[in-house]
Amino acid sequence: EDQVTQSPEALRLQEGESSSLNCSYTVSGLRGLFWYRQDPGKGPEFLFTLYSAGEEKEKERLKATLTKKESFLHITAPKPEDSATYLCAVQAMIGGADGLTFGKGTHLIIQP
Amino acid sequence: EPEVTQTPSHQVTQMGQEVILRCVPISNHLYFYWYRQILGQKVEFLVSFYNNEISEKSEIFDDQFSVERPDGSNFTLKIRSTKLEDSAMYFCASSEARYRGMAKNIQYFGAGTRLSVL
């Protein structure tokens, strides 16, 4: 069974204070690992997809990295508007396995 | 920018009633999905749909649930006889394809329908 564990569950940072969010996963062959941002009462908003160990993607203050067992979402010099829940999800390589398996998310609060 | 649209944003129903949640996927996408998120819990996969057939479903997607693409633009989720535990946010998503080449398997989500069963 595919599993995704995210840590920490919640993180409070001061504006400008960099940190990293962790996503550990087990999957029967990785078709893709996805990071989404979710604001309260809204749907997940796509951020990054990673496919192979060693891959990195970057967008503004966010950088996602991938190993064979985990992914990190690094946030550099965050701003209050980066406050949200960050979700990690995996998609298995098994034929017909289209659904994403999500973690519980990391609730990030950036204080001015 | 193309987006997945869902209606209604909030649906209130009585236990035992049938509800239909509606979605308009991104126009050139071929794969469609429904997920749910119970308040305070993680997003859970329900079903995927391609070429007018269910391609995968989870254990949650029992006989009370059905999906349909009634025309060229809409994708619906029907719950036949709602239960209190069906109260959740329901998200529709779509992707261009299922293979990962050129990132075509990225799933884009709608804003959701909040279903409240009383």
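You'll find the structure just up there.
The structure reproduced in this document is the subject of the present report. (Residues numbered from 1 in each chain as written. Chains lettered and ligands numbered in written order. Predicted model: local features only at pLDDT ≥ 70, side-chain atom pairs only at ≥ 80, totals over all residues. Heavy atoms only, no water.)

Focus on the environment of Glu58(A)
Residues and elements named next belong to chain A. Along the polypeptide, glutamate 58 turns up in strand β6 (residues 56–59). In this structure, the C-alpha to C-alpha distance between glutamate 58 and histidine 74, residues 16 residues apart in sequence, is 9.3 Å. Residues in contact with glutamate 58, not counting those within four places in the same chain, are Phe48 and Lys63. (Helix = DSSP H or I, 4+ residues; strand = E, 2+ residues; numbered from the N terminus. Contact = heavy atoms within 4.5 Å.)

Notes on the interface of chain B and chain A
Listed by partner, the interface residues are 23 residues for chain B and 25 residues for chain A. Taken over both partners, the interface formed by chain B and chain A buries close to 1,900 Å², and the fraction arising from carbon and sulfur atoms is 52%. One can count 0 salt bridges joining chain B with chain A. There are 10 residue pairs in polar contact (both at pLDDT 80 or more) connecting chain B and chain A. Elements with a contribution of two residues or more to the side of chain B that touches chain A: β4 (31–37), β5 (44–50), β6 (53–57), β9 (88–95) and β10 (108–109) of chain B. Sort the elements by how many residues they give to the side of chain B that touches chain A and β4(B) lands first, with 4 residues. Along the lines of polarity and charge, the residues of the side of chain B that touches chain A split into 12 nonpolar, 6 polar and 5 charged. (Buried area = accessible area lost by both parts, 1.4 Å probe. Salt bridge = Lys/Arg side-chain N within 4 Å of Asp/Glu carboxyl O. Polar contact = N/O pair within 3.5 Å; in protein donor to acceptor, adjacent residues only side chain to side chain. Nonpolar A, V, L, I, M, F, W, Y, C, P; charged D, E, K, R; others polar.)

With respect to the pattern of salt bridges
Tallying each qualifying case throughout the model produces 7 salt bridges over all chains. Among the ionic pairs, Asp39(A) bridges to Arg37(A), the shortest N-O distance being 3.1 Å. Here Glu44(B) and Arg36(B) are joined by a salt bridge, their closest N and O atoms 3.2 Å apart.

What about the state of the cysteines?
By definition, a disulfide is the covalent link that joins the sulfur atoms of two cysteine residues. With the rule as written, the count across this model stands at 2 disulfides over all chains. Sulfur-sulfur distance for the disulfide between Cys23(A) and Cys88(A) comes to 2.0 Å. Residues Cys23(A) and Cys88(A) share a disulfide whose torsion about the S-S bond is about -65°; that sign makes it left-handed. In this pair, Cys23(A) is assigned in strand β3 (residues 19–26) and Cys88(A) in strand β9 (residues 84–92), connecting sequence segments 65 residues apart. Bridging Cys23(B) to Cys92(B), the disulfide has an S-S length of 2.0 Å. Looking down the S-S bond of the Cys23(B) and Cys92(B) bridge, the torsion is -65°, so its handedness is left-handed. With a gap of 69 residues between them, Cys23(B) in strand β3 (residues 19–24) and Cys92(B) in strand β9 connect regions that are remote in the sequence. One exposure class covers both Cys23(B) and Cys92(B), and it is buried. (Disulfide = S-S within 2.5 Å. Buried < 20%, exposed > 50% of the residue type's maximum accessible area, 1.4 Å probe, protein only.)

Things to note about the packing of aromatic side chains
One pass over the structure, following the stated rule, counts 16 aromatic pairs over all chains. Ring pairs connect the aromatic residues Phe34(A), Tyr36(A), Phe46(A), Phe102(A), Tyr33(B), Tyr35(B), Phe45(B), Phe91(B), Tyr108(B) and Phe109(B), which therefore count as one cluster. (Phe/Tyr/Trp six-rings, centres within 6.5 Å; stacked < 30°, edge-to-face > 60°.)

Overview of the sheet that holds strand β7 (residues 62–66) of chain A
Residue and element names in this part refer to chain A. Spatial strand order, β1-β3-β8-β7-β6: 5 strands in an open sheet with antiparallel pairing. The strands lining the two open edges of the sheet, one partner per strand, are β1 (3–7) and β6. Adjacent strand axes in the sheet meet at a mean angle of 15°, parallel and antiparallel pairs treated alike. (Pairing = 2+ DSSP bridges. Axes fitted to C-alpha atoms, helices over the stretch in contact; angles between N-to-C directions.)

Considerations on the pairing of strand β8 (residues 70–75) of chain A
Residue and element names in this part refer to chain A. Residue alternation in β8 divides its side chains into a buried set, Ser71, Leu73 and Ile75, and an unburied set, Glu70, Phe72 and His74. Note that β3 and β8 share 6 bridges and pair antiparallel. Considered in β8, the bridge of asparagine 22 is made with phenylalanine 72. Direction of pairing for β7 relative to β8: antiparallel, over a ladder of 5 bridges. From the neighbouring strand, threonine 65 faces β8, where its bridge partner is phenylalanine 72.

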